[in-house]
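Analysis of the macromolecular model
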Amino acid sequence: MAVPDFKLGEAHYARLRGSTPRPSAIISSLVSTKGRFAVLQNLNNVNVLRHEVLTKPDALKAALPASESIQEVVSAGRQAVNRILTREDPRLLVVVGPCSIHDPEAAREYGRRLAALARELEDSLLLVMRVYFEKPRTSIGWKGLINDPHLDGTFRIDEGLHLARQLLLDLSALGLPLATEALDPITPQYLQDLISWSAIGARTTESQTHREMASGLSCAVGFKNGTDGSLDSALNAIKAAATAQSFLGINEAGEVAIYHTRGNAHAHLVLRGGHGGPNYQPEHIAHTEAALEASGIAPTLVVDCSHANSNKDYRRQSEVANSVKDQILAGNESIVGVMLESHLNAGQQAMAEKDRLAYGVSVTDGCIGWEETEALLRSLSENLGPQLLLRGKP
């Protein structure tokens, strides 16, 4: 078979000179002069329209630095969460806040209210504000404040990262520990230094990338059970995250790097229900405890009161939380926390132009309003306070 006659292009002459050819030169040199082969110039990024260079993580942190007092808040929040997970702190962990952040000013108002309540209830509850900037989509839709901060499809991600970090700083300054969903494997370098608890969602719990990332995150990580309600993917994820991993990522200078982790000792399970219905009731909890023990994992559970556990009806979240309360009062020791989707005002609204949106109402999943949130948290504190202090005692 005849060898194709290729041009001797820039790449060939660069090799003769001992210099490194440009990738584009290598590609352009692979062109048949006899027309037997397709032109190969368009092998790279065929479906990419353009790219934009982002601010590097260390540059964003330098522009929006965490003060010493804010670092102390984050450190104290992480330690408190970890102590609850290891039963050294008997309080109930409560991750509560908007389904997603679309209006930073409304989030600040929510944070001011939550910070005041957290100080009142701190003897029995550790309130951690849910500050979710990234939203996984089943098909398409708004992917969160970082991806599209103007809610108009302009995708000003660099601006979104600045807005997100500034909001985290403002909320931390109130003394609040903060929680988020770790979705994009790049964003932790920009924001993770301000986070006390992270979630890996039901859609990404099976992902090797997210398990590896979780192994290196600096805070506790909750893995949600699969959307079908199964536990296996989350149990496997917890084991993987607790193990040393090596994987590709970016460092604070924005360079591609190989990360080697020690594993995350505070990975745990979050029950959120599934296609078959809720999984927070006593029989489900007993089944989950047995599955964890069979897998060699400590029976440590957080119950998500939303999603499939509420049958996607935000008004049923209090029902789920009260079931958890009753189980703890009955002697349950495995449930250490709950998650609530809550906003200033109840309900959910469809996406629209910013100036047409109702203030303090979710644009993603429906949320309970502030009044119901406050009443529910006060009830949990009042009813559970004495019982929580008895946990772990004979």
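Residues numbered from 1 in each chain as written. Predicted model: local features only at pLDDT ≥ 70, side-chain atom pairs only at ≥ 80, totals over all residues. Heavy atoms only, no water.

1. Topic: the environment of Asp89
Short version of the rule: Strands here are runs of E lasting at least two residues and helices are runs of H or I lasting at least four, both read from the DSSP assignment and numbered beginning at the N terminus. Exposure is judged per residue with a 1.4 Å probe applied to protein chains only, and the accessible area is read against the type maximum: over 50% gives exposed, under 20% gives buried, and values in between give partly exposed. The contact criterion used is simple: two residues touch if any of their non-hydrogen atoms lie within 4.5 Å.
The topology assignment puts Asp89 in the loop between α4 (68-85) and β1 (92-97). Given the relative accessible area of 12%, Asp89 is considered buried. Setting aside its immediate chain neighbours within four residues, Asp89 contacts Ala80, Arg83 and Ile84.

2. Re the pairing of strand β8 (residues 267-271)
Regular strands place their side chains on alternate faces of the sheet. Heads up, the condition is: Criterion used throughout: strands pair if DSSP finds at least two bridges between them.
Burial of β8 is extensive: five of the five residues sit out of reach of the surface. Burial of the side chains of β8 extends over both faces: Ala267, Leu269 and Leu271 are buried on one face and His268 and Val270 on the other. Judged from the four bridges that link them, strand β5 (residues 220-224) and β8 form a sheet pairing that is parallel. Residue pairing across strands places Val221 opposite Ala267, the latter belonging to β8. Both β8 and strand β9 (residues 301-304) contribute to a ladder of three bridges, which runs parallel.

3. Focus: the packing of aromatic side chains
Aromatic ring pairs are defined here through the distance separating the ring centres and the angle between the ring planes. This is how the line gets drawn: Any pair of Phe, Tyr and Trp rings, taking the six-membered ring for Trp, is counted once the centres come within 6.5 Å. Such a pair is stacked with planes under 30 degrees apart, edge-to-face with planes over 60 apart, and tilted for the rest. By the criterion adopted, a ring carries a charge over it if an Arg CZ or a Lys NZ lies within 6 Å of its centre and within 35 degrees of its normal.
Inspection of the entire model under this criterion finds two aromatic pairs. Between Tyr110 and Trp370, the ring centres sit 5.3 Å apart and the planes meet at 85 degrees, which makes this aromatic pair edge-to-face. Here the residue Tyr110 occupies a position in helix α5 (residues 104-121), and Trp370 occupies one in helix α12 (residues 370-389), the gap between them amounting to 260 residues. Note on Trp370: relative accessible area 6%, which makes it buried. Between Phe247 and Tyr259 the ring centres are 6.1 Å apart and the planes differ by 20 degrees, which places this aromatic pair in the stacked class. Residue Phe247 is found in strand β6 (residues 246-250), and its partner Tyr259 is found in strand β7 (residues 256-260); the two are separated by 12 residues along the sequence. Over the ring of Tyr314 we find Arg315, and its NZ or CZ is 5.6 Å from the ring centre.

4. A few points about the nonpolar core
Quick reminder of the rule: Grouping buried Ala, Val, Leu, Ile, Met, Phe, Trp, Tyr and Cys residues that are joined through side-chain atoms within 4.5 Å yields what is termed a nonpolar core.
Among the nonpolar cores identified, the biggest contains 75 residues, and Phe133, Phe223 and Leu377 are the most heavily contacted of them. The element that contributes the greatest number of residues to this core is α5, accounting for eight residues. Discounting chain neighbours no more than four positions away, the residues touching Leu377 are Val94, Leu114, Leu117, Leu121, Leu125, Leu127 and Leu340. Grouped together as the second largest cluster of nonpolar side chains are 17 residues, Trp197, Ala199, Val302 and Met339 included.

5. Concerning the packing of α5 against helix α6 (residues 157-173)
The condition is simple: Comment: axis = line fitted to C-alpha atoms, over the contacting stretch for helices; angle = value between 0 and 180 degrees taken between N-to-C directions. Small angles under 35 degrees read as roughly parallel and large ones over 145 as roughly antiparallel, with 65 to 115 read as roughly perpendicular and the rest as oblique. Helix crossings are classified by the rotation of the near helix relative to the far one: an anticlockwise turn of less than a right angle makes the crossing left-handed, while a clockwise turn makes it right-handed. Throughout this entry, Asp, Glu, Lys and Arg are counted as charged residues, while Ala, Val, Leu, Ile, Met, Phe, Trp, Tyr, Cys and Pro are counted as nonpolar. The remaining residues, Gly among them, count as polar.
Between α5 and α6, whose axes approach to 10 Å, the crossing angle comes to 15 degrees. Comparing the axis directions of α5 and α6 gives the class roughly parallel. Crossing hand, α5 versus α6: right-handed. Of α6, the residues touching α5 (which contributes Pro104, Ala107, Arg108 and Gly111) are Gln166, Leu167, Asp170 and Leu171. For the contact of α5 with α6, a count of residues per class yields four nonpolar, two polar and two charged.

6. Description of unusual backbone geometry
The residue Arg87 is not glycine, and still its phi comes out positive at about 70 degrees. Locating Arg87 in the fold gives a position in the loop between α4 and β1. In this model, Leu151 sits at a positive phi of 55 degrees, which is unusual for a non-glycine residue. Summarising the element assignment, Leu151 is placed in the loop between β2 (125-130) and α6. For Leu151, a relative accessible area of 11% puts it in the buried group.

7. With respect to the pattern of salt bridges
Inclusion rule: By salt bridge we mean one thing: a side-chain nitrogen of Lys or Arg within 4 Å of a carboxyl oxygen of Asp or Glu.
Summed over the entire model, instances satisfying the criterion amount to 15 salt bridges. Of the charged contacts in the structure, one is a salt bridge between Asp170 and Arg108, with a shortest N-O distance of 2.8 Å. Of this pair, Asp170 sits in helix α6 while Arg108 sits in helix α5, placing them 62 residues apart in sequence. You can call Arg108 buried: its relative accessible area is 18%. When the shortest N-O distance is used, the salt bridge between Lys224 and Asp304 registers 2.8 Å. Placement of Lys224 in strand β5 and of Asp304 in strand β9 is noted, with a sequence separation of 80 residues between them. Residue classification places Lys224 among the buried residues on the basis of a relative accessible area of 7%.

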